Amino acid sequence: MRKQHSVEQRNLVIGFALVLLGALGFSAKAILVKLAYAANPEVDAIFLMALRMLFALPFFLLVAVWHNKKTQALPLDKKQWAVVIVLGLMGYYLASYLDFIGLQYISAGLERVIIFLYPTFVVLFSALFYRRKITARVGIALGLSYIGTLLVFIEHLSVASSGLLLGSGFVLGSAVIFAWFVMGSGVMTLRIGSARFTAYTMTVASVATLVHFAVQHGDNFSRLLSLPYSEWQRVYYLALLMAIFSTVLPAFFMNAGIRRIGAGSAAIISTTGPIVTLVLAYLLLDEAITSLQLMGTLFVLAGVYVVGRVKL
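A brief look at the structure comes next.

1. Considering the overall build of the chain
Summing up its helical and strand segments, the chain has 12 helices and 0 strands in all. N-terminal to C-terminal, the α/β element order of the chain is α-α-α-α-α-α-α-α-α-α-α-α. Counting the 312 residues in the chain, one finds 49% classified as buried. Counted over contacts in the chain with a minimum sequence separation of 6, partners at least 24 positions apart contribute 86%. Split by element, the accessible area of the chain, about 15,600 Å² in all, is 68% carbon and sulfur.

This is how it looks when you write it as structure tokens:
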């Protein structure tokens with residue numbers, strides 16, 4: 001009995017650590033994107049995304065092959081492949097692309113607050129399309145989240161560039177699309193396994209991103225791997241960090257952590273993300289942390305915390 005309790009406690013600690021590491025990795029992505037943009041003004045969203053996916057793709061392919069050999073999993077049928085492709089394009093290609101574009105215009109702190117609204121959109125869409133009732137408690141939480149986002153947005157109006165509305169719109173679109181991805185991914189994760197689902201959807205997104213880059217930059221595809229050494233040292237290094245520590249590892253850390261402690265506890269731990277982004281943005285990007293911005297962020301976190309505990 002004592003041994004079983006010890007094993008359960010160890011699993012909880014490991015799960016907590018994995019989810020926390022995953023949340024920290026995802027939170028650092030916006031910082032790395034902003035640093036890469038600052039390192040070379042010629043780097044655009046699709047260039048940086050293509051570098052990120054180019055570095056991350058081998059890891060996901062290896063995981064897919066390893067998982068299939070280890071588990072001897074049955075191959076996906078045509079319908080399952082269609083769902084995986086659509087979800088991969090939505091969640092890890094289109095949503096990421098809109099997010100990367102938005103970060104060209106707005107601060108990392110504002111981006112993280114807007115992105116973190118996606119659980120509230122999941123609740124709203126579930127209520128709209130599946131006719132699931134929104135309780136008074138959840139309604140207050142939703143209102144608190146949106147008021148908090150508005151406060152952070154108002155704070156940025158005083159110092160913002162002309163691209164504030166445009167950038168915020170792109171990031172908001174990213175959050176909405178990612179909410180749809182989350183709604184569709186639950187069933188597929190149960191059917192084919194979280195590791196295989198992540199590897200497959202990320203592979204789909206990687207291929208789509210590289211095709212997008214090839215189409216947009218035409219014959220200049222070789223530019224992706226032919227920057228001068230000084231630029232490689234800055235942009236490539238940041239893209240490599242983004243691929244490993246803000247893409248590959250967080251995705252699998254989060255899945256492994258959720259299996260140990262559950263989605264509800266994972267959602268609570270993930271609320272550390274926007275705070276971490278604010279701190280890193282202050283330390284590495286010289287973004288100011290004001291009382292209004294901090295209050296708005298706390299409002300969003302409180303609202304998302306309540307919404308995250310709703311069983312959909």
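Still more to cover.
2. Describing a nonpolar patch on the surface
On the surface, Val279, Tyr282, Leu283, Leu284, Ile289, Leu294 and Leu298 cluster together into a nonpolar patch covering about 640 Å² of accessible area. Only α11 (272-284) and α12 (291-308) provide two or more residues apiece to the nonpolar patch. Counting residues per element, the nonpolar patch draws most heavily on α11, at 4 residues. Secondary-structure assignment places Leu283 in helix α11. A relative accessible area of 56% places Leu283 in the exposed class.

3. Here we look at the pattern of salt bridges
Summed over all chains, the structure comprises 2 salt bridges. Between Asp99 and Lys29 there is a salt bridge, with its nearest N and O atoms 2.5 Å apart. With a gap of 70 residues between them, Asp99 in helix α3 (residues 78-102) and Lys29 in helix α1 (residues 2-39) connect regions that are remote in the sequence. Just as Asp99 is buried, Lys29 falls in that class too. For Arg112, the salt bridge identified is with Glu111, shortest N-O distance 3.3 Å. Judged by relative accessible area, Arg112 falls into the buried class, the value being 8%.

4. Concerning the nonpolar core
With 51 residues, the main nonpolar core has Val33, Tyr37, Leu48, Val84, Phe100 and Val235 as its most contacted residues. Taken together, the elements giving at least two residues each to this core come down to α1, α2 (45-71), α3, α7 (164-192), α8 (194-217) and α9 (229-261). With 11 residues, α2 is the largest single contributor of residues to this core. Not counting residues within four places of it along the chain, the set of residues in contact with Phe100 comprises Lys29, Val33, Tyr37, Ala45, Leu48, Met49, Arg52 and Met242.

5. Quick look at α2
Note on helix geometry: an α-helix contains 3.6 residues per turn, so any two residues three or four positions apart are oriented the same way. For α2, with 27 residues, the first-to-last C-alpha span of 37 Å sits near the 39 Å given by 1.5 Å per residue. At Ala56, α2 shows its maximal bend, which comes to roughly 35°, and the proline Pro58 appears one to four places after that position. Gln72 lies just past α2 and shows a positive phi near 50°.

6. Points about α11
Over its 13 residues, α11 extends 18 Å from the first C-alpha to the last, a length consistent with the 18 Å expected when each residue adds 1.5 Å. Count one or two residues on from α11 and you reach Asp286, which has phi positive near 60°.

7. With respect to the packing of aromatic side chains
For the structure shown, the criterion picks out 11 aromatic pairs. With centroids separated by 5.1 Å and ring planes inclined at 20°, the aromatic side chains of Trp81 and Tyr200 adopt a geometry described as stacked. Taken as a pair, Trp81 in helix α3 and Tyr200 in helix α8 lie far apart in primary sequence, 119 residues in all. Overall, Tyr200 belongs to the buried group, its relative accessible area being 11%. Following the ring pairs from residue to residue traces out a cluster consisting of Tyr92, Tyr118, Phe178, Phe181 and Phe197.

8. Looking at the environment of Ala64
If you trace the backbone, Ala64 turns up in helix α2. Each C-alpha atom of the pair Ala64 and Phe197 lies 8.8 Å from the other, and the pair is 133 residues apart in sequence. When near neighbours in sequence (up to four residues on either side) are disregarded, Ala64 contacts Ala199 and Tyr200.

9. Comments concerning the side chain of Asp99
Given a relative accessible area of 1%, Asp99 falls into the buried group. Look past the residues within four positions of Asp99 in its chain and what remains in contact with it is Lys29, Glu111, Ile115, Val171 and Ser174.

About the thresholds
- Sequence order as written defines the numbering, with residues in each chain counted from 1.
- Per-residue local features are limited, in this predicted model, to residues with pLDDT of at least 70; the limit for side-chain atom pairs, both in listing and counting, is 80 or more; totals at the level of whole chains, interfaces and linings are taken over all residues.
- Derived side-chain values reflect all non-hydrogen atoms in the structure, with water molecules and hydrogen atoms excluded from consideration.
- Counting from the N terminus, the helices are the DSSP runs of H or I reaching at least four residues and the strands are the DSSP runs of E reaching at least two.
- Accessible area is worked out with a 1.4 Å probe on protein chains only. A residue is then buried under 20% of its type maximum, exposed over 50%, and partly exposed in between.
- When checking whether two residues touch, look at their non-hydrogen atoms; a contact exists if any pair is within 4.5 Å.
- Each accessible area is a Shrake-Rupley estimate made with a 1.4 Å probe; only the visible protein chains count as cover when residues are assessed.
- Here a patch means residues that are over 30% exposed by relative accessible area and free of salt bridges, tied together within 9 Å if like-charged and within 5 Å if nonpolar (Val, Leu, Ile, Met, Phe, Trp, Tyr).
- By convention in these notes, a salt bridge is any Lys or Arg side-chain nitrogen within 4 Å of a carboxyl oxygen on Asp or Glu.
- To qualify as a nonpolar core, a set must consist of buried Ala, Val, Leu, Ile, Met, Phe, Trp, Tyr and Cys residues joined through side-chain atoms within 4.5 Å.
- Expected span of a helix, by definition, is 1.5 Å for each gap between consecutive residues, and there is one gap fewer than residues.
- Bending is quantified residue by residue as the angle between axes fitted to the seven-residue window ending at that residue and the seven-residue window starting at it.
- The aromatic pairing rule takes the rings of Phe, Tyr and Trp, using the six-membered ring of Trp, and pairs them if the centres are within 6.5 Å, calling planes under 30 degrees apart stacked, those over 60 edge-to-face and the rest tilted.

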